[in-house]
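Survey of secondary and tertiary structure
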Amino acid sequence: RVVANLNKQTGNTIPIYLKDIQEKTGGLALGSYITLAARSGVGKSTLAIQIAVKTALMGIAAGYISIEMSSSDLHKRAMADICNVSFYRLMTGKLKESEIKSIYDNSDTLHKIPLFYDESIELYTICSKIRKMAKNGVKLVCVDYVQIVRVSLNRNSTREQEISTISSTLKQLAKELNIVIIGLAQLLREIDKRAVKRPMISDLRESSSLESDADMIWLLYRPEIYKVSTWDSACDWEGQDTN
């Protein structure tokens, strides 16, 4: 019976192209809500777009809702990733001949890839768009980012209450639709003032709701931003040898 139940679980996860996460989790469980957080400029949007693109390239429909970027910009970011061309040169029209050829060679993929974009800002409009995506077979949706999603509560509501409503609504929606929702979030700027820059869960703005609602929390850290040249298990998070 145990083996039979395990066999029934096949197809209940979405594979992710990030090898370490795939090996540790076995894939992203359908029905789960994931918080992906980082400081500004670390690359959380770039990573989330790559996750959506790589998922769609595997034939699993994906969606991306951005409050800051237009659908046109999202498409260009996806195009740059799929065609392996410079996003900057794509935006400025200064593509190399080899990049133009790559876009031409991948035009069929760009046309057929099951990737949906939206730029809604209000919570319940976002939920409506996610439902429509799910009806079209979408299994993974990224929301970029949850702390600037608008939600109408009573006039005395705090920002913490609004964030709690946003994260709990997205979590419930992921479970109801049996899809993966990745909610991007900002980390507190106090990280930059600390001696040790490695982010912690407590660095999440309005952390209590974002932490409690998430099935997984991914915190991005790029040592090079803080001029840390090397770090591993033998080093502290300032790059200093602890042995």
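Residues numbered from 1 in each chain as written. Predicted model: local features only at pLDDT ≥ 70, side-chain atom pairs only at ≥ 80, totals over all residues. Heavy atoms only, no water.

1. Comments concerning the packing of helix α8 (residues 123-135) against helix α9 (residues 159-177)
Two elements in contact, α8 and α9, have axes whose closest approach is 11 Å; the angle formed by their N-to-C orientations is 15°. Taken as axis vectors, α8 and α9 run roughly parallel relative to one another. The chirality of how α8 crosses α9 is right-handed. On α9, the residues that touch L123, Y124, C127, I130, R131 and A134 of α8 are T165, I166, T169, L170, L173, E176 and L177. (Axes fitted to C-alpha atoms, helices over the stretch in contact; angles between N-to-C directions. Helix = DSSP H or I, 4+ residues; strand = E, 2+ residues; numbered from the N terminus. Parallel < 35°, antiparallel > 145°, perpendicular 65-115°, else oblique. Left-handed = near helix turned anticlockwise from the far one by under 90°. Contact = heavy atoms within 4.5 Å.)

2. Quick word on the pattern of salt bridges
According to the stated counting rule, one finds 7 salt bridges in the structure shown. Put simply, K101 and D105 hold a salt bridge, and the shortest N to O gap is 2.8 Å. Of this pair, K101 and D105 both sit in helix α6 (residues 97-105), 4 residues apart, roughly one helical turn. Residue classification places D105 among the partly exposed residues on the basis of a relative accessible area of 47%. A salt bridge links K112 to D108; the nearest nitrogen and oxygen atoms lie 3.5 Å apart. With K112 and D108 both in helix α7 (residues 107-112) and 4 residues apart, this pair spans about one turn of that helix. Judged by its relative accessible area of 59%, K112 falls in the exposed class. (Salt bridge = Lys/Arg side-chain N within 4 Å of Asp/Glu carboxyl O. Buried < 20%, exposed > 50% of the residue type's maximum accessible area, 1.4 Å probe, protein only.)

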